[in-house]
Amino acid sequence: MKKSIKKIFFVGLIIFLLMQLYQPARNVNSEQDTTVDFKKVYFVSKNVETILKTSCYDCHSNNTNYPLYSYIQPARFFMESHIKEGKENLNFDEFGSYSKRKQKNKLDRMVKQIKSNEMPLASYTLIHKDAILSPAQKNELMDWIIKTKDSVLNGY
């Protein structure tokens, strides 16, 4: 019985160590076109920019701040799937390249997800407590999004 437990543990350890060899490319792009960046296309106050960077940019931009645990699998795999999905849904670094209709839809969706507490993800805020939006931050962010959406509709 003890031999089989040791074998299972040893095989599990080998599998865990082999998993560490898989390290996908990091979501860090220093050579990106900044002319289509959200902040370049629309006015963003410093306060709103701070909220977005703290609560949204790790998954919704081309530059993620990776914590130490991201070097260990399977945490890295889990993170990369969230980042990939987040960027497919909304990428602040490429927002200006979206059509006006798509920009408006993305802004509408942001308001809905903030109101319903869908974003930021609970799995993200579990570890990143500073990303939790206070009621005041939510209101400020939603007010700003609605004003920005109006400027998209008016063609500014």
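Enquirer: When you look at the overall build of the protein chain in this model, what are you seeing that I'm missing?
Expert: Within the protein chain, the secondary structure is distributed over seven helices and zero strands. The secondary structure elements of the protein chain, listed N-terminal to C-terminal, are α-α-α-α-α-α-α. Burial status across the protein chain gives 37% buried among its 156 residues. In the protein chain, of all internal contacts separated by at least 6 residues, the share reaching a separation of at least 24 is 75%. For the protein chain, the accessible area works out to roughly 10300 Å², and carbon and sulfur atoms hold 62% of it.

Enquirer: Can you walk me through the layout of surface pockets in this structure?
Expert: Remark: the empty space left among the atoms is shown by a probe the size of a water molecule rolled over them. Approximately 480 Å³ is the volume found for the largest pocket. Lining the largest pocket are 22 residues; nearest its centre among them are His60, Gly86, Asn89, Gln113 and Met119. For the lining of the largest pocket, the elements supplying multiple residues, two or more each, are helix 4 (75–89) and helix 5 (100–115). Among the elements that take part in the lining of the largest pocket, helix 5 stands out by supplying five residues, more than any other. Of the residues assigned to the lining of the largest pocket, the class counts are twelve nonpolar, six polar and four charged. For the second largest pocket, the calculated volume is near 230 Å³. In terms of lining residues, the second largest pocket is bounded by 16 residues, among which Tyr69, Phe78, Met79, Tyr124 and His128 are the most central. Those elements giving two or more residues to the lining of the second largest pocket turn out to be helix 4 and helix 6 (122–125).

Enquirer: Help me understand the confidence of the model for the protein chain, please; the structure alone is not making it clear to me.
Expert: Detailed reading of predicted coordinates is not advised where the pLDDT is low. In this model, the protein chain carries an average pLDDT of 81, and 87% of its residues clear a pLDDT of 70 or more. Averaged pLDDT values for the elements of the protein chain fall to 79 in helix 1 (residues 2–19) and rise to 90 in helix 3 (residues 46–55).

Enquirer: Help me understand helix 3 in this model?
Expert: One full turn of an α-helix is made of 3.6 residues, so residues set three or four places apart face in the same direction. Buried residues of helix 3: Val48, Glu49, Ile51, Leu52 and Ser55, and no others. What you see down the axis of helix 3 is that its buried residues fit within an arc of 160°, all on one side.

Cut-offs used in this document
Residues numbered from 1 in each chain as written. Predicted model: local features only at pLDDT ≥ 70, side-chain atom pairs only at ≥ 80, totals over all residues. Heavy atoms only, no water. Helix = DSSP H or I, 4+ residues; strand = E, 2+ residues; numbered from the N terminus. Buried < 20%, exposed > 50% of the residue type's maximum accessible area, 1.4 Å probe, protein only. Contact = heavy atoms within 4.5 Å. Areas by Shrake-Rupley, 256 points an atom, 1.4 Å probe, with all protein chains shown as cover. 1 Å grid on protein atoms, 1.4 Å probe; cavity = no way out; pocket = protein on both sides within 12 Å on 5 of 7 lines; lining within 4 Å. Points joined across faces, edges and corners; volume = space filled by probe spheres on them. Nonpolar A, V, L, I, M, F, W, Y, C, P; charged D, E, K, R; others polar. pLDDT = per-residue confidence, 0-100. Arc of directions from axis to C-beta.

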